[in-house]
Amino acid sequence: MADDATEARRSALAGLDLGSRAGGAGGVLLGEGPAQESFVLRGPAADTAFAQAVEEVLGAGLPLEPGEVREVCEDALLIRLGPDEWRLMAPLSDDGRLAARVASGLAGGPGALVNVSSASTIIAVTGEHAADLLATGTGIDLDPAAFPPGRAVRTHIGNAQALVQRRAEDAFDLHVPRSYARSFWEWLEERGREFDAAVAL
Amino acid sequence: MLLIPCPFCGARDETEFAYGGDAGVERPTDPEAATDEAWTDYLCFHDNPKGPHRELWFHRDGCRRWLEVERDTWTHELGAVRLSRP
């Protein structure tokens, strides 16, 4: 019988055979980010029972500023995406344990947690011209003063909706819908020619 | 291109939004009792003003909330914007 765990995590970019093309230096490096567990957390921000239930499990309060990214327990991140929506990102090694605890903490209250791990592919864009490349396809202001490292926004880039997580001034993680991953990658490579884009190892 | 000031996300390009039409249309409160005329009016006959208009926009690529936006259909000038259901 096939290894279910391996099959479940087959990358949407597997067909591009990136491993064999990796190498070289360029103004921008494109690579697939490490797969993570991802959950949509919904609930009323103003509801104290909801906020407390989340804080009790995660060890940190809900981030309340739009686009705020907060480190919580077990190397997980909580990102504020909307008035009543957050994204919980956890390492694959966590294997659903944290999410199970959040879900049981929310039981009976007004919040909900949904696993969306397989819905998106994470593409890492790094390098001197990373922001320049993304700026060719989005209307959001990528100046570090307006979008500092450590923040995230959901927007549209190129042909896809993307959750953009800025790790550093020159490092972005783009969470794009899985079915768009391949065409989005090709869009990045096409636009990246101007900046000598290379595939990261 | 419109730059719509989303109350949650800040100013974003119109391409992040989906247009949802007139914000003032009211569904008949009691569908069973509504006359054909009332249904037809609700479904098909909407105002098409040249000038200020209150309309719905869905912030599809942002906070994924419906907004009520005041927009002048003649000049594209935007007025107040608020979350449709806060």
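It should be emphasised that the depicted structure is a prediction, and the values quoted were computed from it without experimental measurement. (Residues numbered from 1 in each chain as written. Chains lettered and ligands numbered in written order. Predicted model: local features only at pLDDT ≥ 70, side-chain atom pairs only at ≥ 80, totals over all residues. Heavy atoms only, no water.)

K.L.:
Just checking my understanding: could you explain the sheet that holds strand β2 (residues 36-42) of chain A for this structure?
P.N.:
What holds strands together in a sheet is hydrogen bonding between their backbones, with the strands either parallel or antiparallel. Residue and element names in this part refer to chain A. Strand order in the open sheet formed by five strands is β3-β4-β5-β2-β6, and the pairing between neighbours is antiparallel. In this open sheet, the two edge strands, each paired with only one partner strand, are β3 (69-71) and β6 (112-115). Strand-to-strand twist across the sheet, computed as the mean angle between neighbouring axes with direction ignored, equals 25°. For β2 and strand β5 (residues 85-91), the ladder comprises seven bridges, and the chain directions are antiparallel. Its bridge partner being in β5, Arg-42 is matched across the sheet by Glu-85. Lying on the sheet, helix α3 (residues 48-58) is in contact with β2, β4 (77-82) and β5; it crosses β2 at an angle near 160°. Packing against the sheet, helix α4 (residues 97-106) makes contact with β2, β5 and β6, and its axis sits at approximately 150° to β6. (Pairing = 2+ DSSP bridges. Helix = DSSP H or I, 4+ residues; strand = E, 2+ residues; numbered from the N terminus. Axes fitted to C-alpha atoms, helices over the stretch in contact; angles between N-to-C directions. Contact = heavy atoms within 4.5 Å.)

K.L.:
Explain the interface of chain A and chain B here, please?
P.N.:
A common measure of how large an interface is: the accessible area buried when the components associate. With 14 residues of chain A at the interface, the matching set in chain B holds 11 residues. Counting each side, the surface lost to burial between chain A and chain B is near 1,000 Å², with a carbon and sulfur contribution of 50%. Counting the contacts that link chain A with chain B gives one salt bridge. Measuring nitrogen to oxygen at the nearest pair gives 3.4 Å for the salt bridge that ties Asp-84 of chain A to Arg-65 of chain B. Joining chain A to chain B, the criterion identifies eight residue pairs in polar contact (both at pLDDT 80 or more). Among the secondary structure elements, those contributing two or more residues to the side of chain A that touches chain B are β4 and β8 (152-157) of chain A. Counted by class, the side of chain A that touches chain B contains five nonpolar, five polar and four charged residues. (Buried area = accessible area lost by both parts, 1.4 Å probe. Salt bridge = Lys/Arg side-chain N within 4 Å of Asp/Glu carboxyl O. Polar contact = N/O pair within 3.5 Å; in protein donor to acceptor, adjacent residues only side chain to side chain. Nonpolar A, V, L, I, M, F, W, Y, C, P; charged D, E, K, R; others polar.)

K.L.:
I would appreciate a short explanation of the packing of α3 of chain A against α4 of chain A in the present structure.
P.N.:
How two helices sit against one another is set out by the angle between their axes and by the gap between those axes. Residues and elements named next belong to chain A. Interhelical geometry of α3 versus α4 gives an angle of 150° and a closest axis separation of 9 Å. Taken together, α3 and α4 sit at an angle that is classed as roughly antiparallel. Remark: the crossing between α3 and α4 carries right-handed chirality. Contact with α3, carried on its side by Phe-50, Ala-53, Val-54, Val-57 and Leu-58, involves Leu-98, Arg-101, Val-102, Gly-105 and Leu-106 of α4 and no other residues of that element. Broken down by class, the residue content of the contact of α3 with α4 amounts to eight nonpolar, one polar and one charged. (Parallel < 35°, antiparallel > 145°, perpendicular 65-115°, else oblique. Left-handed = near helix turned anticlockwise from the far one by under 90°.)

K.L.:
I'm lost on the sheet that holds strand β10 (residues 171-177) of chain A in this one. Help?
P.N.:
Residue and element names in this part refer to chain A. Ordered by their spatial adjacency, six strands build an open sheet running β8-β9-β10-β7-β1-β11, and the pairing between neighbours is mixed. Each end of this open sheet is capped by a strand with a single partner; those strands are β8 and β11 (198-199). Bridge count for strand β9 (residues 160-168) against β10 is five bridges, and the pairing is antiparallel. Pairing of Arg-166 across the sheet is with Phe-172, part of β10. Of the strands in this sheet, β1 (29-32), β7 (120-126), β8, β9, β10 and β11 touch helix α6 (residues 181-192), which is tilted by about 15° from β7.

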